[in-house]
Amino acid sequence: MLDKSTCLNPNSAKCGIFVPSLISQGSPDLNSESEDVRFAAHVLLLFQIFELKKCAMSTRVMGTNVQVTDADGAERDPSDYLAITPLGAGQEVGRSCIMLEYKTKKIMLDCGIHPGHHGFESLPYIEHVEPSEIDFLLVTHFHLDHCGALPYFLTKTAFKGRCFMTHATKSIYKLLMSDYLKVSNIGSDEMLFSETDLDASMERIETLNFHQVQEISGVKFWCYHAGHVLGACMFMIEIAGVRVLYTGDYSCEEDRHLMKAEIPQVKPHVLISEATYGTYLHDNRVTRETRFTGKVHEIIRRGGRCLIPVFALGRAQELLLILDEFWSQHPELQDVPIYYASSLAKRCMPVYLTFTNAMNDKMRKQMTVRNPFSFRHISNLKSIDHFDDIGPSVVMASPGMMQSGLSRELFESWCGDFKNGVIIAGYSVEGTMARDILAQPEEVTSMNGMKLPLKCSVDYISFSAHVDYRQVSEFVRALQPPHIILVHGEETEMGRLHSALSRQYENNPNYQPKMYMPKNSQKVQLFYPGEKMAKVMGSLAVEKPQVGQKVSGVLLKRNFNYHLLSPKDINHGICILEWEASTVNDMYADAVVAALLKSEQEKDGPSAKKASKSILDVNLDVDFGDCMFQLLCDIYGDSNVSAHPEQDQVRVKLGTRTATVSLKSFEVFCEEDLDLKTSIEEGISRLKIAMKNSLRDNAAQTKTAAD
């Protein structure tokens, strides 16, 4: 049985005030409210912290929880509709931005730009939302089509919520966006943000670890490894028991340096998945690498220059590893230079060396011997001015879609010679030069408007770290979500994937998902009323309930969590006040605290005597085990924490890693993951300090009131 103060204490509070006797003891009339409850309700309504309801209700026991039934019948609540709206990436690739709305909560997923447009035309359709109403924003990875609009949105709109991404993503985000400002071939009047705006956006961004559970106003979310690029993640969002998994860009195939996407153990009710490649099937890794090195070798043998347009970070590192190994195995090629034209990649390399935990096992083992990104046969090329264009060479240059920059300059210089060749190694968006030349036109238009003949060879060998049809199909089969929403794909490819997945399950009696492929600004609404479940606590939970038994008590609600207690158990309450720090707000908060304390003094009277027994005499260990269990559930998620009282243990299981905590000594055992062991130990240590301080403060208050 959990300690009652723990049951009432919202974890997200910034400031907690302990108020004794917020609800009177005894047997109150459950159809009326005492003065204390009415006064407290006004205070809590003023600060919008949590609702305290004292009412008669009927409940029916269902296992360890109870289902709350409304006395006024079931009326469909508009907040029971889960609304998902793409503001970008709806039947297109680019400017990923998805709005999620449920139970009055609003969450934005990614905020990118469209690589085929410039200025305000490249932004998501954010005019369809009110930024000030969005609770928080989650960014999956550092590619421009997922985070490129972030500096604009964080600094030039009314958005006041919080923004989260992984540590590696934030580290690269600043460098990538700064480089984007320098290489963008657009006028200052079309620039969406400045370097100052970028610096300001960095201050707004918060980081989180993989699998770390965050909770904001009752909304829980955590992230999984997504493969794709360093730091990329998938977000699982849980609101009132409804789980939505947003994949962002992901890859279910391990490559030379990145791990593949994780399969969440917790199944979502709704899957929002990319559909970039539709029903296309990637070559296996060996075949793909053989084709790539063979084509590079072919261009070199005929005396040509090989251009490989790539994004500065992501697939570039994969291709560099392949080329460096291939050159090491072929001494006859070692006189032919390989250039990597990206100062950004060089600046980001320390990030790759820092976050090796996001890479696969093979790469982590190599890191212990030597730095695999210290290439033997590849040189860095700062700019075209430093390039001695004589004889065969291999040049990897950004951007990958050749909208502008060095890759575009080299292409325009080399495209007229049949000896030269271009290898497109990643996905290219409609309207970009990389996409246009795949159709092998006779001529192309240069950046200054001139017509240039296209005589060089153009080959497409996909190293794109996006899922193909096989990977999407296996991912869906593993999770079996009732609803699938396809985004981040062109209409034709998305339609093919929609049809293929529908055919795959049309004759399956056990699983028939509903699928959607909304356009930009088209809302998908799913009805999820959810069951209002209340945890029975305190003296009501002492005896094992019988199925069908009715339980009456006081219903406490905060966000989407309900607790049912006997009025006799609530002899102490906790009022949580939250406010933005300012002179005026601090003054109001002090006034509310004073009013609450005065109310307690007037009710008890100056001569009221408290129990003489010191609160510090309470056996801390009795309550501490329950508090520790609740803390671990809050940090790692209810589904990953289990209690085993018969063995005096609590277990935390994250994937293949398991940590055990003794309920006698509170010692943590986890030989396979020292980081997890240390994290749990720190949490337990802080909880002990917090509980001891709280008990000491309560004892001091009790002594003062008695005097």
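Residues numbered from 1 in each chain as written. Predicted model: local features only at pLDDT ≥ 70, side-chain atom pairs only at ≥ 80, totals over all residues. Heavy atoms only, no water.

### Description of the overall build of the protein
Working step 1: Along the protein, the regular secondary structure elements total 17 helices and 34 strands.
Working step 2: In the protein, which comprises 707 residues, the proportion classed as buried is 51%.
Working step 3: Across the protein, every contact between residues at least 6 apart in sequence was considered, and the portion connecting residues at least 24 apart equals 72%.
Working step 4: Total accessible area on the protein stands at roughly 33,000 Å², and carbon and sulfur atoms take up 49% of it. (Helix = DSSP H or I, 4+ residues; strand = E, 2+ residues; numbered from the N terminus. Buried < 20%, exposed > 50% of the residue type's maximum accessible area, 1.4 Å probe, protein only. Contact = heavy atoms within 4.5 Å. Areas by Shrake-Rupley, 256 points an atom, 1.4 Å probe, with all protein chains shown as cover.)

### A word on the sheet that holds strand β13 (residues 233-239)
Working step 1: Reading across from one edge, β11-β12-β13-β14-β15-β24-β25 is the order of the 7 strands in this open sheet, with mixed pairing throughout. The strands lining the two open edges of the sheet, one partner per strand, are β11 (214-216) and β25 (514-516). Neighbour-to-neighbour, the strand axes of this sheet turn through a mean angle of 20 degrees, independent of strand direction.
Working step 2: Pairing between strand β14 (residues 242-246) and strand β15 (residues 270-274): 3 bridges, direction parallel. Of the residues in β15, the one forming a bridge with Leu 245 is Leu 271.
Working step 3: Helix α13 (residues 469-479) contacts β13, β14, β15 and β24 (483-487) of the sheet and is inclined by roughly 170 degrees relative to β15. (Pairing = 2+ DSSP bridges. Axes fitted to C-alpha atoms, helices over the stretch in contact; angles between N-to-C directions.)

### Here's the deal with empty space enclosed by the protein
Working step 1: What the rule picks out here adds up to 6 cavities of 30 Å³ or more.
Working step 2: The calculated volume of the largest cavity comes to roughly 110 Å³.
Working step 3: Lining of the largest cavity is provided by 13 residues; of these, Ser 251, Glu 253, Arg 288, Arg 315 and Ser 464 occupy positions nearest its centre.
Working step 4: Tallied by class, residues from the lining of the largest cavity come to 2 nonpolar, 5 polar and 6 charged. (1 Å grid on protein atoms, 1.4 Å probe; cavity = no way out; pocket = protein on both sides within 12 Å on 5 of 7 lines; lining within 4 Å. Points joined across faces, edges and corners; volume = space filled by probe spheres on them. Nonpolar A, V, L, I, M, F, W, Y, C, P; charged D, E, K, R; others polar.)

### A look at a nonpolar patch on the surface
Working step 1: Where nonpolar side chains cluster on the molecular surface, the patch consists of Val 584, Met 587 and Tyr 588 and spans about 330 Å² of accessible area.
Working step 2: Assignment of secondary structure puts Tyr 588 in helix α15 (residues 583-604).
Working step 3: Given a relative accessible area of 51%, Tyr 588 falls into the exposed group. (Patch = residues over 30% accessible without salt bridge, like charges linked within 9 Å, V, L, I, M, F, W, Y side chains within 5 Å. Salt bridge = Lys/Arg side-chain N within 4 Å of Asp/Glu carboxyl O.)

### Considering the sheet that holds strand β26 (residues 524-527)
Working step 1: On the basis of which strands lie adjacent, the open sheet formed by 7 strands has the order β10-β9-β8-β7-β6-β5-β26 and mixed pairing. Of all strands in the sheet, those bounded by a partner on one side alone are β10 (205-208) and β26. The average undirected angle you get between the axes of adjacent strands in this sheet is 25 degrees.
Working step 2: In terms of strand pairing, strand β7 (residues 105-109) meets strand β8 (residues 136-138) through 3 bridges, oriented parallel. If you follow Leu 109 over to β8, its bridge partner there is Leu 138.

### A look at the pairing of strand β28 (residues 554-558)
Working step 1: Within β28, 5 of the 5 residues are buried, which leaves the element mostly enclosed by the surrounding structure.
Working step 2: Here β28 shows two buried faces, one formed by Val 554, Leu 556 and Arg 558 and the other by Leu 555 and Lys 557.
Working step 3: Connecting β28 to the next strand, strand β29 (residues 561-565), in antiparallel fashion are 2 residues, including Asn 559 with a positive phi near 55 degrees.

### Comments concerning the environment of Ala 168
Working step 1: Its location among the elements puts Ala 168 in helix α5 (residues 167-183).
Working step 2: For Ala 168, a relative accessible area of 4% puts it in the buried group.
Working step 3: Through-space distance from the C-alpha of Ala 168 to that of Phe 142 is 8.8 Å; in sequence the pair is 26 residues apart.
Working step 4: Each residue touching Ala 168, except ones within four places of it in the same chain, is listed here: Leu 230, Gly 231, Val 351 and Phe 355.

### Thoughts on the confidence of the model for the protein
Working step 1: Averaged over every residue, the pLDDT of the protein is 80; the share at 70 or more is 81%.
Working step 2: Confidence drops under a pLDDT of 50 for residues 1-74, and excluding neighbours within four residues, the segment shows 159 contacts in the predicted structure.
Working step 3: Segment residues 607-622: pLDDT under 50, and 21 contacts once partners within four positions in sequence are set aside and those in other chains are kept. (pLDDT = per-residue confidence, 0-100.)

### Some details on the side chain of His 225
Working step 1: Its place among the elements puts His 225 in strand β12 (residues 219-225).
Working step 2: By relative accessible area, which is 10% here, His 225 ends up buried.
Working step 3: Setting aside its immediate chain neighbours within four residues, His 225 contacts Phe 210, His 211, Ala 232, Met 234, Met 259, Ala 261, Glu 262, Asn 357 and Ala 358.

### Quick word on the environment of Val 270
Working step 1: Looking at the secondary structure, you find Val 270 in strand β15.
Working step 2: Classification of Val 270 as buried rests on a relative accessible area of 0%.
Working step 3: Each C-alpha atom, one on Val 270 and one on Val 244, is 4.8 Å from the other, the two residues being 26 residues apart in sequence.
Working step 4: In this structure Val 270 touches Leu 82, Ile 84, Arg 243, Val 244, Leu 245, His 483, Ile 485, Leu 526 and Tyr 528, once residues within four positions along its chain are discounted.

### Some remarks on the nonpolar core
Nonpolar side chains tend toward joint burial in soluble globular proteins.
Working step 1: Counting residues in each nonpolar core, the largest one holds 75 residues, and the members touching the most others are Leu 230, Phe 292, Val 296 and Ile 308.
Working step 2: No other element matches helix α8 (residues 315-329), which puts 8 residues into this core.
Working step 3: With residues up to four places along the chain from it excluded, the contact list for Leu 230 reads Phe 142, Ala 168, Ile 172, Leu 258, Val 351, Tyr 352, Phe 355, Ala 358 and Met 359.
Working step 4: If you look at the next biggest cluster of nonpolar residues, it comprises 30 residues, including Leu 109, Val 219, Val 524 and Tyr 528. (Core = buried A, V, L, I, M, F, W, Y, C linked by side-chain atoms within 4.5 Å.)

### Focus: the packing of α13 against helix α14 (residues 491-505)
Working step 1: Contact geometry for α13 and α14: axes closest at 11 Å, N-to-C directions at 45 degrees. In terms of orientation, α13 and α14 fall into the oblique class. Remark: the crossing between α13 and α14 carries right-handed chirality. From α13, Tyr 469, Val 472, Ser 473, Val 476 and Arg 477 reach across to α14, where they touch Leu 497, Ala 500, Leu 501, Gln 504 and Tyr 505. (Parallel < 35°, antiparallel > 145°, perpendicular 65-115°, else oblique. Left-handed = near helix turned anticlockwise from the far one by under 90°.)

### Here we look at the side chain of His 228
Working step 1: Secondary-structure assignment places His 228 in the loop between β12 and β13.
Working step 2: Overall, His 228 belongs to the buried group, its relative accessible area being 4%.
Working step 3: Separated by 3.3 Å, the side chains of His 228 and His 143 make a polar contact. (Polar contact = N/O pair within 3.5 Å; in protein donor to acceptor, adjacent residues only side chain to side chain.)

### Side note on the packing of α5 against helix α9 (residues 343-354)
Working step 1: Relative to each other, α5 and α9 sit at 170 degrees, their axes nearing to 10 Å. By the angle class used here, α5 and α9 are roughly antiparallel. Residues Ala 168, Ser 171, Ile 172, Leu 175, Leu 176 and Asp 179 of α5 lie in contact with α9, whose contacting residues are Leu 344, Arg 347, Cys 348, Val 351 and Tyr 352.
Working step 2: For the contact of α5 with α9, the per-class residue count stands at 8 nonpolar, 1 polar and 2 charged.

### Section: the packing of aromatic side chains
Working step 1: Tallied over the entire structure, the rule returns 14 aromatic pairs.
Working step 2: Seen from their ring centres, Tyr 352 and Phe 373 are 5.6 Å apart, and the 70 degrees between their planes marks the pair as edge-to-face. Within this pair, whereas Tyr 352 is found in helix α9, its partner Phe 373 is found in the loop between α10 (361-369) and β18 (378-380), the two being separated by 21 residues in sequence.
Working step 3: Chaining the aromatic ring pairs together yields one cluster made of Phe 136, Phe 164 and Phe 221. (Phe/Tyr/Trp six-rings, centres within 6.5 Å; stacked < 30°, edge-to-face > 60°.)

### A look at unusual backbone geometry
Working step 1: In this chain, Ser 398 is followed by Pro 399 through a cis amide linkage whose omega measures 5 degrees.
Working step 2: Tracing the chain through its elements places Pro 399 in the loop between β19 (393-397) and α11 (405-414).
Working step 3: Non-glycine residue His 228 carries a positive phi angle of around 65 degrees.

### Concerning the environment of Asn 284
Working step 1: Residue placement: Asn 284 occurs in the loop between β15 and α7 (285-301).
Working step 2: Exposure remark for Asn 284: the relative accessible area of 44% places this residue in the partly exposed category.
Working step 3: Among the polar contacts listed, one links the side chain of Asn 284 to the backbone nitrogen of Thr 287, at a separation of 2.8 Å.

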